[in-house]
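One-letter residues, chain by chain:
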Amino acid sequence: MGKLVYSMLTSLDGYVSDATGGFDWSMPDEELHTYINDVSRSIGTYLLGRKMYQTMVFWETADTLPGMDATTLEYGRVWRLSDKVMYSKTLTEVASERTRIERSFDPEAVRALKAASPMDLAVNGPALAAQALSAGLVDELTMYVCPLVVGGGNSCYPQDVRLALELLEERRFGNGAVMLHYAVRS
């Protein structure tokens, strides 16, 4: 049975993008990117909302762009080997292999997916994660906290969910980022 992990790059004040929608401040350096690559190998399926999918689909063809470093190319390989479930009421086609569209988030279908999966699953994107957190589906949170405060934007966490967490692991990176890995306590 796979675990469902909510994983995001976030500012210290808990935003995944700033007030203008920008997130270039969250781009990992090589050390952090290598670590994320290693963790991502345990993910068999990504659950993505439309906006996050449209951001992440870049990795489907990143290897065709000139000047990509080995760490970036490796993340693209990991992405392409994973299954993706993209939740959208509007999109009718996907731009990546191993991807299917679901029209709405169904907690029971996600429970069944977790039960049948030999690998972990990741929910990416705060809107979709809010639904998974509210449904009690998220087993772990892995947050990569970037060393800056952006003062507003798209919050990483839903306002109406309260979680008791147990710290499993922490790690500091040379660029000042910190990885915090928590289990959700029942």
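Use the structure listed above.
Residues numbered from 1 in each chain as written. Predicted model: local features only at pLDDT ≥ 70, side-chain atom pairs only at ≥ 80, totals over all residues. Heavy atoms only, no water.

Lay out the overall build of the chain in plain terms, naming residues and giving numbers.
A count of helical and extended segments in the chain gives five helices and 10 strands. Here the chain has a C-alpha radius of gyration of 16 Å; the compact-globule value for 186 residues is 16 Å, and the two agree. Here the chain, with 186 residues, has 45% of them falling under the buried criterion. Residue pairs at least 24 apart in sequence account for 70% of intrachain contacts in the chain once pairs closer than 6 positions are excluded. Total accessible area on the chain stands at roughly 9,800 Å², and carbon and sulfur atoms take up 53% of it. Both charge centroids of the chain, one from 17 positive and one from 24 negative side chains, sit 5 Å from each other. (Helix = DSSP H or I, 4+ residues; strand = E, 2+ residues; numbered from the N terminus. Rg over C-alpha atoms; globule rule 2.2 N^0.38 Å. Buried < 20%, exposed > 50% of the residue type's maximum accessible area, 1.4 Å probe, protein only. Contact = heavy atoms within 4.5 Å. Areas by Shrake-Rupley, 256 points an atom, 1.4 Å probe, with all protein chains shown as cover. Lys, Arg positive; Asp, Glu negative; His and termini not counted. Charge placed at Lys NZ, Arg CZ, Asp CG, Glu CD.)

Before we move on, can you summarise the packing of aromatic side chains with the specific residues and values?
Applying the stated rule across the entire model yields six aromatic pairs. Seen in terms of ring centroids, tyrosine 35 and phenylalanine 173 are 5.4 Å apart; in terms of plane orientation they differ by 65 degrees. Their pairing is edge-to-face. Highlighted residues: tyrosine 35 in helix 1 (residues 30-40) and phenylalanine 173 in the loop between strand 9 (165-172) and strand 10 (178-184), separated in sequence by 138 residues. In this pair, the class of tyrosine 35 matches that of phenylalanine 173, namely buried. Arranged with centres 4.7 Å apart and planes meeting at 70 degrees, the rings of tryptophan 59 and tyrosine 75 form a pair that is edge-to-face. Residue tryptophan 59 is found in the loop between helix 2 (50-56) and helix 3 (70-81), and its partner tyrosine 75 is found in helix 3; the two are separated by 16 residues along the sequence. Among the aromatic residues, ring-to-ring pairing joins Tyr35, Tyr144 and Phe173 into one connected group. One residue, lysine 84, lies across the ring of tryptophan 79, its end atom 4.6 Å from the ring centre. (Phe/Tyr/Trp six-rings, centres within 6.5 Å; stacked < 30°, edge-to-face > 60°. Lys NZ or Arg CZ within 6 Å of the ring centre and 35° of its normal.)

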